[in-house]
Amino acid sequence: MSVDARATEGSHGGALRSLSRLSWRRPGLKTFGQISAPVAAFLFVYVAALVALLIQSFWTTDSFTGQAIHSWNLDNFRAIANDPYPTIILRTLVMASAVTVTCMLLAFPYAYFLVRVAGPRLRLALLVATTLPLWVSYLVRVYSWRLILNPDGALNYFLNRLGLPDLNIAYTNWAMWIVFTYIWFPFMVLPVYAALERVPYSLVEASADLGGRGSTTLRRVILPLAVPGLAAGSIVTFSLTLGDYIAPSLVGGPGSSLIGTVVFESLGLANNAPFAAAFAMVPLGIMAVYLVLMKRLGAFESL
Amino acid sequence: MKRIRFGYVALVALVTVLAVPAAGVSKGTGLPTSVGAGEGKLTLVAWEGYTQPQWVKPFEKATGCQVAVKYAGSSNDMFNLMISGGGGQYDMVSASGDASLRLIYAKAVQEINVGLIPSYKDFFKAFQSPAHNTVNGKHYGISLQFGPNVLMVNTKKYGKAPNTWAAIYDPKNKGKITIPDNPIQIADAALYLSKTKPALGIKDPYELTKAQLAAAVALLKQQRPLVKKYWGLASDQIDLFKNGGSTIGASWPYQVNALKADKVPVVGVIPKEGVTGWADTWMLSSKAKHPNCAYKWMQYITKPVPQAQQALYFGETPVNRKACAVMDKISKGSCAQYSANAPESFYNSIKFWKTPISDCGNGQKNCTDSKAWATAWTQVKG
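Predicted, not measured: the structure shown is a model, and the values here were computed from it.

1. Some remarks on the overall build of chain B
Right, so step 1: On a plain count of helices and strands, chain B comes out with 14 helices and 14 strands.
Right, so step 2: In terms of overall dimensions, chain B is globule-like: its C-alpha atoms have a radius of gyration of 22 Å, near the 21 Å expected for 382 residues.
Right, so step 3: If you line up chain B on its principal axes, its C-alpha atoms span 65 × 60 × 40 Å.
Right, so step 4: Sorting the 382 residues of chain B into buried and exposed places 55% on the buried side.
Right, so step 5: Across chain B, the fraction of contacts at a sequence separation of at least 24, relative to all contacts at a separation of at least 6, is 73%.
Right, so step 6: Per element, the accessible surface of chain B, about 16300 Å² overall, is 57% carbon and sulfur.
Right, so step 7: Computed over 44 positive and 23 negative side-chain charges, the inter-centroid distance for chain B is 3 Å.

Encoded structure:
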């Protein structure tokens with residue numbers, strides 16, 4: 001029995017050992033063996049899905065059965081130029097930019113306060129409070145905003161108590177802007193916080209020693225060093241706004257369709273997957289341009 | 001280039017592999033003349049609320065068919081569930097009129113023998129062979145429940161309910177109007193135009209030529225700035241009527257009853273131009289694995305008691321006229337409340353949802369199809 005066991009162990013060990021010898025002689029093979037599984041998964045899951053999307057966007061559907069008709073044409077891409085799609089794309093771009101800029105304007109002073117002003121305990125408490133909404137379902141957060149913004153909601157209640165007139169922004173693009181800003185805010189704060197935390201205090205002191213006033217130091221030392229963090233945050237807020245369709249449908253009103261809404265409705269209502277695929281290429285293109293711009297700003301160094 | 005071609009080849013290979021087994025299965029022709037022993041199982045695609053334990057449990061007990069349900073979120077969901085993987089995964093679907101014709105023409109559902117369903121003779125005439133589930137005299141399912149799309153008004157805030165759909169196109173109601181977010185809503189505009197602008201020549205609100213569709217879209221685009229919200233869920237509209245500032249809108253009896261239960265002073269009226277409506281059908285998959293249990297289900301679900309139970313649970317009207325008495329027994333006055341005892345002419349006056357197709361029904365092929373309607377609806381909402 002012991003002989004048997006040793007024999008199996010030996011042959012087993014031998015195979016393993018020869019494999020290890022092979023990988024030592026051929027380092028390329030070793031690397032390939034190590035990464036081939038994740039690469040294959042990436043190719044199949046990510047790239048194949050994108051390629052399938054691209055191929056599909058050149059097809060059309062039989063409007064009755066919803067089955068794809070496999071004849072190659074550019075009709076779907078031509079349709080994007082028709083009313084109302086250019087307006088919707090433009091509206092989405094404006095919304096995504098507005099949300100991103102608002103998030104930046106709010107997140108920078110807040111993150112600066114966290115890093116430079118707040119004590120360790122307050123900082124921890126505020127960081128937890130910032131990420132707290134992320135623990136709650138997206139839908140709950142959007143619905144709670146609906147309660148706030150409703151004509152009979154909390155916002156108007158407090159405005160009336162202050163003697164101010166009602167603000168009727170429920171179910172408008174303004175409501176959408178507020179909700180997006182609120183929902184994506186943590187995604188902007190965290191990278192900006194990380195970027196600011198990396199700025200050594202000695203740089204601020206050096207700036208002061210050289211005669212730089214507070215505003216000059218902020219403008220010429222701290223802000224440039226925070227740019228990668230702002231850029232990284234903006235990639236998240238920008239791309240999430242480009243693709244979202246839930247907030248427009250819940251808090252938006254008439255004339256609030258975004259790119260995500262069109263994709264969702266092409267799939268969900270019209271059963272027109274090829275057009276949805278073609279339209280999904282629009283945010284893909286926009287993001288490609290945006291990422292190139294952000295790379296120039298060094299966004300990927302702080303991701 | 002090379003990579004794309006590879007992807008294409010791989011996809012074609014995949015599609016072929018999936019299609020081969022589907023093509024191999026074929027069903028013999030001829031309708032069943034009797035219902036055999038149950039297979040012990042029944043798989044359904046249904047609207048949420050259509051398979052409540054109070055009427056499913058007695059069925060399982062009586063027939064031994066264990067019911068498994070997949071809820072669908074939209075008509076389109078239902079359609080995709082029934083055709084995905086070549087079909088056969090589900091036995092039946094509770095399809096609404098905007099999906100039923102598509103299911104029939106995609107050959108996803110099969111003809112049934114209504115002679116095997118005893119309650120069929122008790123149906124209101126309008127639901128025995130309605131256009132949304134009966135093609136060329138062939139029945140592709142058994143009618144289930146229906147509801148009119150009514151004009152809902154808050155009588156306290158709006159005042160006396162108007163008797164015309166013109167109210168939801170009237171600029172004086174700006175910011176108070178709520179409209180369903182669904183392309184089929186174009187039919188409501190078309191129905192209104194068929195009465196107010198006879199020159200357009202709209203006969204059937206689901207069979208619109210390009211010019212007629214354009215007229216409906218123009219009317220709806222004029223309406224857009226007046227609309228408070230295009231609602232996606234019934235609960236959205238309930239919310240908007242409770243504290244969202246909406247006082248008038250296109251709605252379903254379900255919302256009217258839910259709001260009344262919450263003491264909001266609303267009424268649901270049927271304006272003089274008439275109404276559109278939805279009607280659901282239990283349809284049998286062309287590749288159903290448990291056909292006997294499916295027939296047993298159709299026999300059971302059309303009986304007065306489950307018809308009444310479902311009507312009251314969901315807020316809709318049963319197609320079996322004998323359900324009226326049971327409804328009143330469960331909840332006094334509910335039969336009249338849901339118009340389950342109306343004269344036949346009432347049911348005939350409702351223009352039930354149909355899938356818009358290019359075939360106009362009069363031999364001409366120049367009508368706009370559901371794809372065109374979906375695009376038009378995106379334009380309406382802007």
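2. Structural notes on the packing of aromatic side chains
Right, so step 1: Tallied over the entire structure, the rule returns 35 aromatic pairs over all chains.
Right, so step 2: Consider the rings of A:Phe238 and A:Tyr290, whose centres lie 4.2 Å apart with planes at 5°: the pair is stacked. Of this pair, A:Phe238 sits in helix H10 (residues 214-243) while A:Tyr290 sits in helix H13 (residues 273-296), placing them 52 residues apart in sequence. Across the pair, exposure class does not vary: A:Phe238 and A:Tyr290 are buried alike.
Right, so step 3: Over the aromatic face of B:Phe79 sits the side chain of B:Arg102, whose NZ or CZ is 4.3 Å from the ring centroid.

3. Details of a nonpolar patch on the surface
Residue and element names in this part refer to chain A.
Right, so step 1: Judged by side-chain polarity, Leu-124, Val-128, Leu-132, Leu-134, Trp-135, Val-136, Val-140, Phe-187 and Leu-240 come together as a nonpolar surface patch covering roughly 780 Å² of accessible area.
Right, so step 2: With respect to the helices and strands, the residue Leu-132 is situated in the loop between helix H5 (120-131) and helix H6 (138-149).
Right, so step 3: Here Leu-132 falls in the partly exposed class, since its relative accessible area comes to 41%.

4. Structural notes on the interface of chain A and chain B
Interfaces are often sized by the amount of accessible area the parts lose when they come together.
Right, so step 1: At the interface, 43 residues of chain A touch 40 residues of chain B.
Right, so step 2: Buried area between chain A and chain B, summed over both chains or domains, comes out near 3300 Å², and the portion from carbon and sulfur atoms is 56%.
Right, so step 3: Viewed at the interface, chain B and chain A are joined by four salt bridges.
Right, so step 4: A salt bridge links A:Arg146 to B:Asp239, with the nearest nitrogen and oxygen atoms 3.4 Å apart.
Right, so step 5: Remark: the boundary between chain A and chain B carries eleven residue pairs in polar contact (both at pLDDT 80 or more).
Right, so step 6: Put simply, the parts of the chain that give the side of chain A that touches chain B at least two residues each are helix H2 (27-56), helix H4 (85-117), H6, helix H11 (246-251) and helix H12 (259-268) of chain A.

5. Some words on the pattern of salt bridges
Right, so step 1: By the definition in use, this model includes 13 salt bridges over all chains.
Right, so step 2: Across the salt bridge formed by B:Asp204 and B:Lys354, the nearest N and O atoms sit 2.7 Å from each other. One end of the pair, B:Asp204, is in the loop between helix H5 (186-196) and helix H6 (210-223); the other, B:Lys354, is in the loop between strand S14 (351-352) and helix H14 (370-381), and 150 residues separate them in sequence.
Right, so step 3: Residue B:Asp204 is classed as buried on the basis of its relative accessible area, which comes to 17%.
Right, so step 4: A single salt-bridge network, built from bridges that share partners, covers A:Arg146, B:Asp236 and B:Asp239.

6. Remarks on the sheet that holds strand S7 (residues 150-154) of chain B
Residues and elements named next belong to chain B.
Right, so step 1: Reading across the sheet, the five strands line up as S9-S8-S10-S7-S11 and stay open at both edges, with mixed pairing between neighbours. Strands with a single pairing partner mark the edges of an open sheet, and in this sheet they are strand S9 (227-231) and strand S11 (266-269). Each adjacent strand pair in this sheet contributes to an overall mean axis angle of 25°, direction not counted.

7. Some details on the pairing of strand S6 (residues 142-148) of chain B
Residue and element names in this part refer to chain B.
Right, so step 1: Taking burial as the measure, the seven residues of S6 include seven buried ones, the bulk of the element.
Right, so step 2: By the bridge criterion, six bridges tie S6 to strand S12 (residues 276-284) in an arrangement that is antiparallel. Considered in S12, the bridge of Pro-148 is made with Gly-277.
Right, so step 3: For S6 and strand S13 (residues 317-318), the ladder comprises two bridges, and the chain directions are antiparallel. Bridge assignment links Gln-145 to a residue of S13, and that residue is Pro-318.

8. Here's the deal with the confidence of the model for chain B
All names here are of chain B.
Right, so step 1: Here chain B averages 88 in pLDDT, and 92% of its residues register 70 or above.
Right, so step 2: Contacts of residues 1-7 to residues separated by more than four positions or lying in other chains number four contacts, the stretch itself having pLDDT below 50.
Right, so step 3: The model gives residues 9-28 a pLDDT under 50, and that stretch makes six contacts with residues more than four places away or in other chains.
Right, so step 4: If you check the scores for this complex, the pTM reads 0.79 and the ipTM reads 0.75.

9. Observations concerning the packing of H10(A) against H13(A)
Residue and element names in this part refer to chain A.
Right, so step 1: Running from N to C, H10 and H13 point in directions that differ by 170°, and their axes come no closer than 11 Å. When the interaxial angle is binned, H10 and H13 end up roughly antiparallel. The residues of H13 that touch H10, namely those facing Ala-231, Ser-234, Ile-235, Phe-238, Ser-239 and Leu-242, are Pro-283, Ile-286, Met-287, Tyr-290, Leu-291 and Met-294.
Right, so step 2: A breakdown of the residues in the contact of H10 with H13 according to their chemical character gives ten nonpolar, two polar and no charged.

10. Some points on the state of the cysteines
Residues and elements named next belong to chain B.
Right, so step 1: Scanning the model with the defined rule gives three disulfides over all chains in all.
Right, so step 2: Here Cys-65 pairs with Cys-293 through a disulfide, and the sulfurs are 1.9 Å apart. The chirality of the disulfide connecting Cys-65 with Cys-293 is left-handed, given an S-S dihedral of about -85°. With Cys-65 in the loop between helix H2 (53-63) and strand S2 (66-71) and Cys-293 in helix H9 (residues 291-301), the pair connects residues that are 228 residues apart, well separated along the chain. As far as burial versus exposure is concerned, Cys-65 and Cys-293 are alike and both buried.
Right, so step 3: Between the sulfur atoms of Cys-360 and its disulfide mate Cys-367 the distance is 2.1 Å. Across the S-S bond linking Cys-360 and Cys-367, the dihedral sits near 120°, which makes this disulfide right-handed. Both residues of the pair, Cys-360 and Cys-367, belong to the buried class.

11. Points about helix H7 (residues 234-243) of chain B
Right, so step 1: Of the residues making up H7(B), those classed as buried are B:Ala234, B:Asp236, B:Gln237, B:Ile238, B:Leu240 and B:Phe241.
Right, so step 2: Positive backbone phi, at 85°, marks B:Gly245, one or two positions downstream of H7(B).

12. Considerations on the pairing of strand S1 (residues 41-46) of chain B
Residue and element names in this part refer to chain B.
Right, so step 1: The buried count for S1 comes to five of six residues, which makes it a mostly enclosed element.
Right, so step 2: Judged from the six bridges that link them, S1 and S2 form a sheet pairing that is parallel. Bridging from a neighbouring strand, Ala-46 pairs with Tyr-71 of S2.
Right, so step 3: A crossover links S1 with its parallel partner S2, the connecting element being H2, and its sense is right-handed.
Right, so step 4: In this structure, S1 lies alongside strand S3 (residues 92-96), joined through two bridges in parallel fashion. Residue pairing for S3: Val-45 is matched across the bridge by Val-93.

Thresholds, definitions, all that
Residues numbered from 1 in each chain as written. Chains lettered and ligands numbered in written order. Predicted model: local features only at pLDDT ≥ 70, side-chain atom pairs only at ≥ 80, totals over all residues. Heavy atoms only, no water. Helix = DSSP H or I, 4+ residues; strand = E, 2+ residues; numbered from the N terminus. Rg over C-alpha atoms; globule rule 2.2 N^0.38 Å. Buried < 20%, exposed > 50% of the residue type's maximum accessible area, 1.4 Å probe, protein only. Contact = heavy atoms within 4.5 Å. Areas by Shrake-Rupley, 256 points an atom, 1.4 Å probe, with all protein chains shown as cover. Lys, Arg positive; Asp, Glu negative; His and termini not counted. Charge placed at Lys NZ, Arg CZ, Asp CG, Glu CD. Phe/Tyr/Trp six-rings, centres within 6.5 Å; stacked < 30°, edge-to-face > 60°. Lys NZ or Arg CZ within 6 Å of the ring centre and 35° of its normal. Patch = residues over 30% accessible without salt bridge, like charges linked within 9 Å, V, L, I, M, F, W, Y side chains within 5 Å. Salt bridge = Lys/Arg side-chain N within 4 Å of Asp/Glu carboxyl O. Buried area = accessible area lost by both parts, 1.4 Å probe. Polar contact = N/O pair within 3.5 Å; in protein donor to acceptor, adjacent residues only side chain to side chain. Pairing = 2+ DSSP bridges. Axes fitted to C-alpha atoms, helices over the stretch in contact; angles between N-to-C directions. pLDDT = per-residue confidence, 0-100. Parallel < 35°, antiparallel > 145°, perpendicular 65-115°, else oblique. Nonpolar A, V, L, I, M, F, W, Y, C, P; charged D, E, K, R; others polar. Disulfide = S-S within 2.5 Å. Right-handed = clockwise from strand over helix to strand, strands pointing away.

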